[in-house]
Structures are given as structure tokens and as C-alpha cells.
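Per-entry structural report
Letter by letter, the chains look like this.
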Amino acid sequence: MTKKTVGRPKNPAFYALMVALLVMSLGPIIMMVTTSLKLNVDIMSDASSLWFSPTLENYETVLCDVLWYEPVNVDYCNPTFSRALGNSIFIALMSTAITLILGCMAAYALVRFKFMGRGTISMTSLMMRMVPPAVLLVPVFGIWTFNYGLDGTFAGIVLVYVAMNLPFVIWILQSFIVQVPMQLEEAAKMDGANPLQIFFLVVLPVITPGLAAAAIFTFRIAWNEFLLANALLNRDTRTVPVTIVNSLTEYDIDWGVIMATGMLLAIPPIIFTFVASKQIITGMTAGAVKG
Amino acid sequence: MKSSSLNKLTPYFFIAPAGLVLALGLLYPISYMMYASFLDWNPSQLIGEADWVGLKNYSTLWQDYAFRESLWVTLKFAFSVVLIEMILGLSLALLLDRNMRGMSALRTIFILPMMIAPIVVGLMWRYMYHPSIGVFNRTLNSFGFESIPWLSDSTWALISIIIADIWQWTPFIFILCLAALQSLPRSTLEAARMDGANAWQQAFYIKIPLMMPVLIVTLLLRLIDAFKVLEVILVMTNGGPGLSTEIIALRISRTASEFRELGVAAAMSNYLLILLLLLTLSMFLYNRFIEQHRAKSFNAIGKTSP
């Protein structure tokens, strides 16, 4: 029986399994979306949770400060969230850009000038992956406050994120740069290009897929991180994850609003996933499968 | 002359910025933490004002019931999630390793839980576990069962956070296993099939042994990450009820921010690092041992065959 199914892809049982898996992995996300579109009356009511009239009121409450119109349902506009959203976007983009630039340069030099073996780099990258953010909490707090004077600033948090992501980014970019044929660069050198020109005009365009993977991973970490942001940032520079945790109290949680906030935080990663799932999987599997 | 010395400096010029950032943002903090773990230090003091207490922070931790409890919770959590996720992920990969339409869509959807912020994942699960409006208790109630105290009972709370972690990370193992399966040598599998091995035999005697190196690296990566989980649990239970879900990462952050004992928190961080280092090293050694073993048996085959 089993022999027949091998190599014969059209078995309804497998499609049923796939659908079940889809429902399981999407279920909680869909639940978040629907809750964010519900009024509190609908969230609390005992009636079936599928029948409700969707409303954008929660999103209006969250984004009241940046909307171009005055939402009718919002009595008091709390600007915390829209400010945090701006901070999050700025911090994540800055961290990603700086990590990519520094990572690219370092990876290129490591490959072309044969500095350290690939083994050393992947070992370092693994070691860095081992360091939990919680371990960085104490020293980063101490140094940033007392030595660098960077507590509460964007520069401070961006420095942590760049440092946290660099080992992984260097390592993944290296595996792409190794594949760039040397002849291409030699030809450019013949034509009189200097190392910088070779790097920016010849190498960079070829490794774009690697750059995309590295960018997504860095952005995701800077965008989602909570612990260090919570310790380092102050009221004005706070990011979205910190505001979400701050608005969670033991008993009285405004589920509609908080789910809308969560949705806004989840949207960029979701978009990346659908646009670049191939690159993400490459980045994820690169560590284990290729070694 | 000038250009050649410039060329010699080029690699340093390329590496220097990254090296500088790593030194300032990672190496210095970590060595600082090693140092701070020997101090009695609270956040309002400069590090120079803190008293040197030697190994006191390390030894008092072992007498601290809360620390031992959170170490135990961490181990229970990490090993159970990794074990369950490995079994689920591997069996799903073995089952679904065939050319089916919709496979890439499934993989895309599967990445979502890992991409979304852990804070948001915690939020979703806290909502679903809600005692009265959560979907689990509503479903149970509508079938006439009693509500389950998902997050308010200490046994259930640990199970609940394990379930949430399994939801979030099984796809990671599934994707890695699937990639490994698809890079197995087709000829070996074909030969096994020709010899009449059934699906079970193929899986247990051919596929899993061949995947072993990947499986071990996957296990290691996942185990490391399981020790780092913090935000999901923070949002769902904040370590409670009691200490039942207070994993070490959470304990570190609470010791630093609530109890304001940075020295103790640093000592705890060191313990966690040592634990992770031991795990990593043992996996590495095991992997090397396997490789050598395999190389030997390959050599043996090479000698006997004509």
C-alpha cells in the first residue's frame, strides 16, 4: 500500500494534512486580525465569534495622532503609539542599513584577502548566536549609561543591534561572495577600477539575493526586539514592542486596541515573508544544511 | 610604491568599521559582564564605586531557591520543546517530502510564526488562553467541558508556554529537515526502493541516518534558541504563577530591573553562557566524532571493494 503512494503525489490524505497544518499555523494570526477588527462588545459577547461587523475603530484609536482626519470615536488621543511607530521604523531602518554596509565590506575583505578561514567566521557567528539578549542586558545597560552616555538615544540602540547582527550578516554574505567568480573582478581591475569601484560596481550587484536575506533578518531583529529596547530607551525614544508590554496590565486589557497595535507591528514581517520567502528560507537553512 | 602600500591597507580599511562596532558593542559588554559578576553593584552606582565581592554572587545563587527553581524550569522547558518539535518537524518533513502542488505556499505560511515579533506571538496566545474570552476555553465550554486554567495554574502554565513555543518553532525544524531530505542523494534512495524497502525502512535505515549531521545542527540551533526565549513567556505569564514559568532569561532581566542587583544578574548570565557553551561544545565534538567514524567506514568500504 505504502509503495503505491510513494512517488504518486496526488493522495487526498496528504492534501488534508496540508490543509490542517495551514489552519493550525494561520489560526492564531487570523484570530488576531479578527479581534483587532472587533469592538470590545463583540470580543466580550458569548455569541459566535465569526459573526460581527468589522470596524477600523481600534486602528483609529491607535493611530489617532497620524491620521489625516479626526476620528469620531476617539475621545482622547494618546500619541504614545504613533511616536513609538516612528521610532521603530527609524531604528530598524538605520540598524539594517548600517549592518549591511559594514557587513558587506567586512565579508568582502575576509573572502578576497583571505583573512580568516570560513571555519573561524562560522564558529564566531554560532558563538554570537549563543549569547542571549538577556545576557547583554546588564553590561549594555551599564556601559551605555555610564561610559558612552548613549542611554535613551537612537545611536545607542542602533549600536547594539548592529553589533548583534553583524556576525550572522558577515557569515551569510561571505557564502554569497565566495561564489562571485574571480575573473569578473580581475577583468574590472584590468579596466582600471580601484578596489572600491570593484566592490560597489561588480561584486555588490551579484550578491543581491544574499543582501536581501541579510537585510530581512537584521530588520526583523531590530524591529521585534524588546528586552534591550526596554532597558535603554526612554519615554520619547521607545519602540512599539516596549509600548505593547507597557500597556499590558494584569486585569483590564483593551484587547481590541492591543491586537490592532500587535497587527501593526506584525505587518512588515508578514509582508517580507510573502515577498521574499525564498531568501528567508535560504538564510535559515544556510546554517544547518550547507554547514 | 605608494599604491602597493595602499593595497596592503585595503583589507584593514574594509574590516575596521565592522571590527570596531563588534568590539564596542559586543566584546566590551561581554567582558564587562564577566567583570561585573564579581561586584556588588546596583544600577545607581558607577561601576568603579561597586564593591568587589569575589565569587559571592556565584555561591549565593546556588543557595537561592528561586534561581535553582528557574534553572529547573528552563531545562524542563528547553528539552521538552526541542524534543517534541524535533519529532513533529522530522515526521512532517518525512511525510510531506514529495512533489506536491502548494508545497511552497505551505512553507511560506510556515515561516510566518517565526517572523512575527515574539511579543505579538505572546499576545496572540495570551488572548487564546484567556479564561473567559479565549478560544480554547470557549470551545471547551461549548462542548460542555470545564474550563482549563491555562495560564493561572502552575502545571498548566508550563504546558501552555510549551504549546505556544511548539506552534512557533516546529516549522523551523520542518523546513530544515525538508531541505536536508531534498538534498539526499537520489541514487541511494532509488537503490533502497529497488531492493524493496518499504516507506518505514527507507525512513529509519536510509533517510534519518543520512540526515544525521543536519539533524544534530538543527537540534543544537533550536536548543540554543530555546534557552533564549523570553518575550513570549514575558507577555503570557511574566514568569508566574509563582515561579512556575520563570525561565532563566526572565530571571536575569527581573534581577537586573526589579531587584536592582546587577552583579547577581551578571553572575546568572555567566551561568547561562557556560551552560550554552557546554551544549555547543558537546554537539560539536559529537558531530566531529560522527564524521571521523563515517570517514573511517568509507575508507573501509573503499579498501574492500575492488
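Residues numbered from 1 in each chain as written. Chains lettered and ligands numbered in written order. Predicted model: local features only at pLDDT ≥ 70, side-chain atom pairs only at ≥ 80, totals over all residues. Heavy atoms only, no water.

**Overview of the overall build of chain A**
Applicable threshold: Here a helix means four or more residues in a row that DSSP labels H or I, a strand means two or more in a row labelled E, and each is numbered from the N terminus. Each residue gets one of three labels from its accessible area relative to the maximum for its type: buried under 20%, exposed over 50%, partly exposed in between, using a 1.4 Å probe on protein chains only. Any two residues whose heavy atoms approach within 4.5 Å at even a single point are treated as in contact. Accessibility throughout is a Shrake-Rupley quantity obtained with a 1.4 Å probe, and a residue counts as covered only by protein chains that appear here.
The helix and strand tally for chain A stands at 14 helices and zero strands. Its helices and strands in sequence order give chain A the pattern α-α-α-α-α-α-α-α-α-α-α-α-α-α, from N to C terminus. Here chain A holds 291 residues, and 50% of them are scored as buried. Long-range contacts, defined here as pairs at least 24 residues apart, represent 70% of the contacts in chain A between residues at least 6 apart. Surface exposure of chain A reaches about 13,700 Å², of which carbon and sulfur atoms provide 66%.

**Focus: the packing of helix H3 (residues 65-96) of chain B against helix H9 (residues 199-228) of chain B**
All names here are of chain B. This is how it is decided: What counts as an axis is a line fitted to C-alpha atoms, over the stretch in contact for a helix, and the angles between N-to-C directions run from 0 to 180 degrees. Left-handed describes a crossing whose near helix is turned anticlockwise from the far helix by less than a right angle; the clockwise case is right-handed. Polarity classes work like this: nonpolar for Ala, Val, Leu, Ile, Met, Phe, Trp, Tyr, Cys and Pro, charged for Asp, Glu, Lys and Arg, and polar for all others, with Gly in that last group.
Across the interface, H3 lies against H9 with an axial gap of 10 Å and an inter-helix angle of 145°. When you trace H3 past H9, the crossing you get is right-handed. For the pair formed by H3 and H9, the contact residues are Thr74, Leu75, Phe77, Ala78, Phe79, Val81, Val82, Glu85, Met86, Leu90 and Leu94 on the first element and Ala203, Lys207, Ile208, Met211, Leu215, Thr218, Leu219, Arg222, Leu223, Ala226 and Phe227 on the second. Partitioning the contact of H3 with H9 into residue classes produces 17 nonpolar, two polar and three charged.

**Things to note about the interface of chain B and chain A**
The condition that has to hold: By definition, the buried area sums, over both parts, the 1.4 Å-probe accessible area that each loses when the two are put together. The working definition used for a salt bridge is a side-chain nitrogen of Lys or Arg within 4 Å of a carboxyl oxygen of Asp or Glu.
Every contact between the two is made by 94 residues of chain B and, on the other side, 94 residues of chain A. Contact between chain B and chain A buries roughly 8,600 Å² in total, counting both sides, with carbon and sulfur atoms accounting for 82%. For chain B, the biggest contributors to the area lost against chain A are Phe14, Met115 and Tyr127 of chain B; these three give 9% of the whole. Scanning the region where chain B abuts chain A turns up zero salt bridges. Per-element tally for the side of chain B that touches chain A: the top contributor is helix H1 (residues 2-36) of chain B, with 19 residues. Each residue belonging to the side of chain B that touches chain A can be placed in one class, and the counts come to 70 nonpolar, 15 polar and nine charged.

**Structural notes on the packing of aromatic side chains**
All names here are of chain B. The condition is simple: Centre distance within 6.5 Å is the pairing criterion for rings of Phe, Tyr and Trp, where only the six-membered ring of Trp is used; planes under 30 degrees apart are then read as stacked, over 60 as edge-to-face, and the remainder as tilted.
For the structure on display, the rule yields 24 aromatic pairs over all chains. Ring geometry for Phe38 versus Tyr58: centroids 5.7 Å apart, planes at 45°, classification tilted. Of this pair, Phe38 sits in the loop between H1 and strand E1 (39-40) while Tyr58 sits in helix H2 (residues 56-63), placing them 20 residues apart in sequence. Owing to a relative accessible area of 12%, Tyr58 belongs among the buried residues under this scheme. An aromatic cluster of at least three residues, connected via ring pairs, comprises Tyr35, Phe38, Trp52, Tyr58, Trp62, Phe67 and Tyr271.

**Overview of the environment of Met105 of chain A**
Mapped onto the secondary structure, Met105 of chain A falls in helix H5 (residues 80-112). When its relative accessible area of 13% is taken as the criterion, Met105 of chain A is described as buried.

**Re the packing of helix H8 (residues 186-194) of chain B against H9 of chain B**
Residues and elements named next belong to chain B. How we decide: When an angle is under 35 degrees it counts as roughly parallel; over 145 it counts as roughly antiparallel; between 65 and 115 it counts as roughly perpendicular; any other value is oblique.
Interhelical geometry of H8 versus H9 gives an angle of 165° and a closest axis separation of 11 Å. Between H8 and H9, the angle is such that the two are roughly antiparallel. Regarding H8 and H9, the two cross each other, and that crossing is right-handed. Here Thr188, Leu189, Ala192 and Arg193 of H8 come into contact with H9, specifically with Gln202, Ile206, Lys207 and Leu210. Residues belonging to the contact of H8 with H9 are distributed by class as follows: four nonpolar, two polar and two charged.

**Brief notes about the nonpolar core**
Our working definition: We call a set of buried Ala, Val, Leu, Ile, Met, Phe, Trp, Tyr and Cys residues a nonpolar core when their side-chain atoms join them within 4.5 Å.
Residues Ile157 of chain A together with Leu96, Trp125 and Phe174 of chain B are the most contacted members of the largest nonpolar core, which totals 199 residues. Ranked by residue count, the leading element in this core is helix H7 (residues 154-182) of chain B, at 16 residues. Ignoring any residue separated from it by four or fewer positions in sequence, one finds Trp125 of chain B in contact with Pro28 of chain A together with Phe136, Ile163, Ala164, Trp167 and Met236 of chain B.

**Section: the environment of Cys77 of chain A**
Residue and element names in this part refer to chain A. Inspection of the secondary structure assignment puts Cys77 in the loop between helix H4 (57-63) and H5. The exposure class assigned to Cys77 is partly exposed, which follows from its relative accessible area of 30%. Between the C-alpha atom of Cys77 and that of Leu150, which follows or precedes it by 73 residues, the distance is 30 Å. Residues in contact with Cys77, not counting those within four places in the same chain, are Cys64 and Asp65.

**Quick word on H9 of chain B**
Residue and element names in this part refer to chain B. The criterion, for reference: In this scheme, a helix's expected span is set at 1.5 Å multiplied by one less than its residue total. One axis is fitted to the seven residues ending at the residue and one to the seven starting there. The bend at that residue is the angle between these axes. Each polar contact in these results corresponds to two N or O atoms within 3.5 Å; when the atoms are within protein, one needs to be able to donate a hydrogen and the other to accept it, and residues that are neighboring in sequence are counted only if both atoms are side-chain atoms.
Here H9 spans only 37 Å end to end across 30 residues, well under the 44 Å set by a 1.5 Å rise per residue. Largest kink in H9: about 60°, centred on Met212, with the proline Pro213 one to four residues after it. A side-chain oxygen of the first residue of H9 lies 3.0 Å from the backbone nitrogen of Trp200; this N-cap is Asn198.

**Regarding the side chain of Thr237 of chain B**
All names here are of chain B. As for its position among the elements, Thr237 is in the loop between helix H10 (231-236) and helix H11 (248-257). Given a relative accessible area of 13%, Thr237 falls into the buried group. Side chain to side chain, Thr237 and Thr245 meet in a polar contact 2.7 Å long. Among residues more than four places away in sequence, those in contact with Thr237 are Leu151, Ile161 and Thr245.

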